[in-house]
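Analysis of the macromolecular model
This is what each chain is made of:
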Number of protein chains: 2
Amino acid sequence: MPDKPDLKVPDSAVPRLAQYHHALMEMAEGVASSDDLARVTGFSAAQIRKDLTYFGQFGRPGFGYSVPDLKQALSRILGTDKAWSVAVVGTGKALSVFGDLDRFRRHGFRVTACFEKEPDKNGAWDDVPVYPMDKLGDVVRRENIRMAVLAVSEGAAQRTAEILAESGVQAILNLTPARLQLPERVAVRPMDLAMELEKLSYRSGRLGDR
Amino acid sequence: MPDKPDLKVPDSAVPRLAQYHHALMEMAEGVASSDDLARVTGFSAAQIRKDLTYFGQFGRPGFGYSVPDLKQALSRILGTDKAWSVAVVGTGKALSVFGDLDRFRRHGFRVTACFEKEPDKNGAWDDVPVYPMDKLGDVVRRENIRMAVLAVSEGAAQRTAEILAESGVQAILNLTPARLQLPERVAVRPMDLAMELEKLSYRSGRLGDR
């Protein structure tokens, strides 16, 4: 196992690290080569080897990487080795298209609470409790929730994000089109369907005419 | 205006181009400097200037970029200057958290059909017609739909994607955790909540302890 990971990984490598981690999650324990990882992720074996040198020496040349070691090291670097407690704010059920709760748990994310404007069982994501929106701050503090998926209406996004930040949330995945203004200490990441469609459009344009 | 855009833009630049485009969409017509774009997108002005040199000469040093010209050129590069006709397969309504249909139209994506296993008005996204899943191939062909958002269950993902590909769809945004096996000519882009949470976790880890 490598030493304490060096966190000076360039930002551009992080999406790739997350993809290596995902690929490893689906591989059998044992050994994987950079070629194996290249086949599953679509990145070149050279790129993969280069990325993995950022945080120590994994595997042996001509032998490959230990799948469990590399998986563990990547999840430590990504900060998912200790499970995050996650709140889904807005419509929880809508997120079930992205996978079931077990899948998220395996990746280090335990969804512990959903919040809805008018909570009923329909808004629930499996067995996660659904609270009314006006309990947001209380429940987040009580349950020590540190991460949130923001899936409210665009108009309610900024105010809701502020309540989350004031209640101790450190990281928000923002599914709304709103641009959030929050204190520096809160990490915000937009997840934007329109932008993903644009990237897809670009890729498709390169594959041929339409 | 620059000449025909050079499509040899490195893949790593495309997410940034999409973000520049998004930022410009919200700016007043007129002139924007690379510093203006840097403030809104979070990328450095130097990075922005470098990216924009890939496809010709925009703006004048010390003067800035023409917002409408740059917006148009970026949308041409991203392939969204001609509107895509898009099908949402699975649950349409769930996607409304990402914005309203007008927003997607402004970005070059016209949602023309939704498909549901058991269609009822509840599955509709505003006024988009909802069809039963067994009409998928017919409607996609009839309406010349070229892009799809795949939001079905993981188990149904591969088969549904095959029907889309056979019916002329060229680009699929895959919201399911399934890894799709499709002909080369079909562009597939995963949009994965678990992976976005991992990237967020990484960013948050760099902002401080939790």
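Residues numbered from 1 in each chain as written. Chains lettered and ligands numbered in written order. Predicted model: local features only at pLDDT ≥ 70, side-chain atom pairs only at ≥ 80, totals over all residues. Heavy atoms only, no water.

**Points about the sheet that holds strand 5 (residues 130–132) of chain A**
All names here are of chain A. The strand order across the open sheet built from 6 strands is 5-4-3-6-7-8, with neighbouring strands paired in parallel fashion. A single partner strand is all that each edge strand has here, and the edge strands are strand 5 and strand 8 (187–190). Averaged over all pairs of adjacent strands, the angle between their axes in this sheet comes to 25 degrees, without regard to strand direction. Seen against the sheet, helix 7 (residues 154–166) touches strand 3 (84–90), strand 6 (147–151) and strand 7 (171–174) and runs at an angle of roughly 165 degrees to strand 6. (Pairing = 2+ DSSP bridges. Helix = DSSP H or I, 4+ residues; strand = E, 2+ residues; numbered from the N terminus. Axes fitted to C-alpha atoms, helices over the stretch in contact; angles between N-to-C directions. Contact = heavy atoms within 4.5 Å.)

**Regarding the confidence of the model for chain A**
All names here are of chain A. Looking at chain A as a whole, the pLDDT averages 86, with 89% of positions reaching at least 70. Confidence drops under a pLDDT of 50 for residues 1–6, and excluding neighbours within four residues, the segment shows 16 contacts in the predicted structure. Taken over the whole predicted complex, pTM reads 0.83, whereas the ipTM for its chain interfaces reads 0.85. (pLDDT = per-residue confidence, 0-100.)

**With respect to the side chain of Thr160 of chain A**
All names here are of chain A. Position of Thr160 among the secondary structure elements: in helix 7. Here Ala156 takes part through its backbone oxygen, which lies 2.6 Å from a polar atom of the side chain of Thr160. Thr160 has contacts with Val89, Leu136, Leu150 and Val152, leaving out every residue within four places of it along the chain. (Polar contact = N/O pair within 3.5 Å; in protein donor to acceptor, adjacent residues only side chain to side chain.)

**Some details on the side chain of Asn174 of chain B**
Position of Asn174 of chain B among the secondary structure elements: in strand 7 (residues 171–174). Here Asn174 of chain B falls in the buried class, since its relative accessible area comes to 2%. (Buried < 20%, exposed > 50% of the residue type's maximum accessible area, 1.4 Å probe, protein only.)

**Some details on the interface of chain A and chain B**
With 64 residues of chain A at the contact, the number on the chain B side is 64 residues. Counting across the chain A and chain B interface gives 6 salt bridges. The salt bridge involving Glu26 of chain B is made with Arg179 of chain A; its shortest N-O contact spans 3.2 Å. Sorting the residues of the side of chain A that touches chain B by element identifies helix 1 (14–25), helix 4 (67–78), helix 5 (101–106), strand 6, strand 7, strand 8 and helix 8 (193–207) of chain A as the ones contributing at least two each. Top contributing element to the side of chain A that touches chain B by residue count: helix 8 of chain A, with 14 residues. Residues of the side of chain A that touches chain B, tallied by class, amount to 37 nonpolar, 11 polar and 16 charged. (Salt bridge = Lys/Arg side-chain N within 4 Å of Asp/Glu carboxyl O. Nonpolar A, V, L, I, M, F, W, Y, C, P; charged D, E, K, R; others polar.)

**Structural notes on the nonpolar core**
Among the nonpolar cores identified, the biggest contains 50 residues, and Leu175 of chain A together with Leu175 of chain B are the most heavily contacted of them. Core analysis: the next-biggest nonpolar cluster, separate from the first, contains 23 residues, Ala113, Ile145, Val186 and Val188 of chain A among them. (Core = buried A, V, L, I, M, F, W, Y, C linked by side-chain atoms within 4.5 Å.)

**Quick word on unusual backbone geometry**
Residue and element names in this part refer to chain A. Backbone geometry places Asn144, a non-glycine residue, at a positive phi of 55 degrees. Note that Asn144 resides in the loop between helix 6 (136–142) and strand 6. Given a relative accessible area of 46%, Asn144 falls into the partly exposed group.

**Considering the packing of aromatic side chains**
Residue and element names in this part refer to chain A. Under the defined criterion, the tally for this structure stands at 4 aromatic pairs over all chains. Centroid distance Tyr20 to Phe43: 6.0 Å. Interplanar angle 90 degrees. Geometry classified as edge-to-face. Taken as a pair, Tyr20 in helix 1 and Phe43 in the loop between helix 2 (34–41) and helix 3 (45–53) lie far apart in primary sequence, 23 residues in all. Judged by its relative accessible area of 24%, Phe43 falls in the partly exposed class. (Phe/Tyr/Trp six-rings, centres within 6.5 Å; stacked < 30°, edge-to-face > 60°.)

**So, the layout of surface pockets**
Leftover empty space is mapped by rolling, across the atoms, a probe with the size of a water molecule. Quantified by volume, the second largest pocket comes out at close to 1,500 Å³. What lines the second largest pocket is a set of 43 residues, and nearest its centre among them are Thr91, Lys93 and Ala94 of chain A together with Lys93 and Ala94 of chain B. (1 Å grid on protein atoms, 1.4 Å probe; cavity = no way out; pocket = protein on both sides within 12 Å on 5 of 7 lines; lining within 4 Å. Points joined across faces, edges and corners; volume = space filled by probe spheres on them.)

**A word on empty space enclosed by the protein**
Summed over all chains, the structure comprises 2 cavities of 30 Å³ or more. Looking at the largest cavity, its volume works out to about 40 Å³. As a volume, the second largest cavity reaches approximately 30 Å³. What lines the second largest cavity is Val86, Val88, Leu95, Phe104, Val111, Trp125 and Val149 of chain A together with Leu193 and Leu197 of chain B. Within the residue set of the lining of the second largest cavity, elements represented by two or more residues are strand 3 of chain A together with helix 8 (193–207) of chain B. Grouping the amino acids of the lining of the second largest cavity by side-chain chemistry returns 9 nonpolar, no polar and no charged.

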